[in-house]
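Close look at the chain arrangement
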Amino acid sequence: MQFLFVLYFCAEESSLFFLIYLGMVMDIDAFLKKYEGSQRDMIITILEQIQEEYGYISEEAIIKTGKLLKMPASKIFGVTTFYDHFLFSPPAHNAIKVCNGTACHVLGSAEVLKELENTLQIKSGETTRDGSFSIVNVPCIGACGCGPVITINREFYPKTTSNAIKQIIESCKNEMQSK
């Protein structure tokens, strides 16, 4: 796994440099070597492993997975778009999932989602400009007895209310600053 950084020189402060993390450089060829000889029935497993390793599935990963499995890239893309959990861009530092399953919906997940969107000034499916937060509305998280539920980077927040959102977001921001 490699990381890509860009170094910026600030003309006003001739000795000041800014290092900006742009994300992981995918070495998808090396990653896919362990799946050589795999059959089509491995498609979901391979895609899930790519996302687990890199955080998302790139266009390059789709094309090369298709070649590996001797399938057109359009079929691989069709599978990735069928399932909600596949991402096509790098995830935010704090990836928020809002459960919209029946139980969570009845218990107020729509209000929680609305408050998240208002607080972060983004819509579901978007990422903040600084890459700190993203929101995704998902069909079910599988914690129906604790609704409404949100997860942030796989950490569960059961019985979340719209009133608790600002505090949760502030806590995430504080945690990011302390790292």
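A short tour of the structure in this document, coming up. (Residues numbered from 1 in each chain as written. Predicted model: local features only at pLDDT ≥ 70, side-chain atom pairs only at ≥ 80, totals over all residues. Heavy atoms only, no water.)

**Details of the overall build of the chain**
- Looking only at helices and strands, the chain features seven helices and six strands.
- Counted from the first residue to the last, the chain has its helices and strands arranged as β-β-α-α-α-α-β-α-α-β-β-β-α.
- Burial analysis of the chain (179 residues in total) assigns 36% to the buried set.
- Counting only contacts in the chain whose residues sit at least 6 apart along the sequence, the fraction spanning at least 24 positions is 53%.
- Total accessible area on the chain is roughly 11300 Å²; 54% of this is exposed by carbon and sulfur atoms. (Helix = DSSP H or I, 4+ residues; strand = E, 2+ residues; numbered from the N terminus. Buried < 20%, exposed > 50% of the residue type's maximum accessible area, 1.4 Å probe, protein only. Contact = heavy atoms within 4.5 Å. Areas by Shrake-Rupley, 256 points an atom, 1.4 Å probe, with all protein chains shown as cover.)

**Observations concerning helix α7 (residues 165-178)**
- In a regular helix each residue adds 1.5 Å, so 14 residues correspond to 20 Å; α7 covers 20 Å between its end C-alpha atoms and thus fits that length.
- Those residues of α7 lying buried are Ile165, Ile168, Ile169 and Cys172. Angularly, the buried residues of α7 cover 95 degrees about the axis, an arc narrow enough to put them on a single face. Across from the buried face of α7, at angles greater than 90 degrees, the exposed residues are Lys166, Gln167, Gln177 and Ser178.
- Lining the buried residues of α7 we find β3 (94-99), α6 (109-120), β4 (133-138), β5 (150-152) and β6 (155-157). (Expected span 1.5 Å × (residues − 1). Arc of directions from axis to C-beta.)

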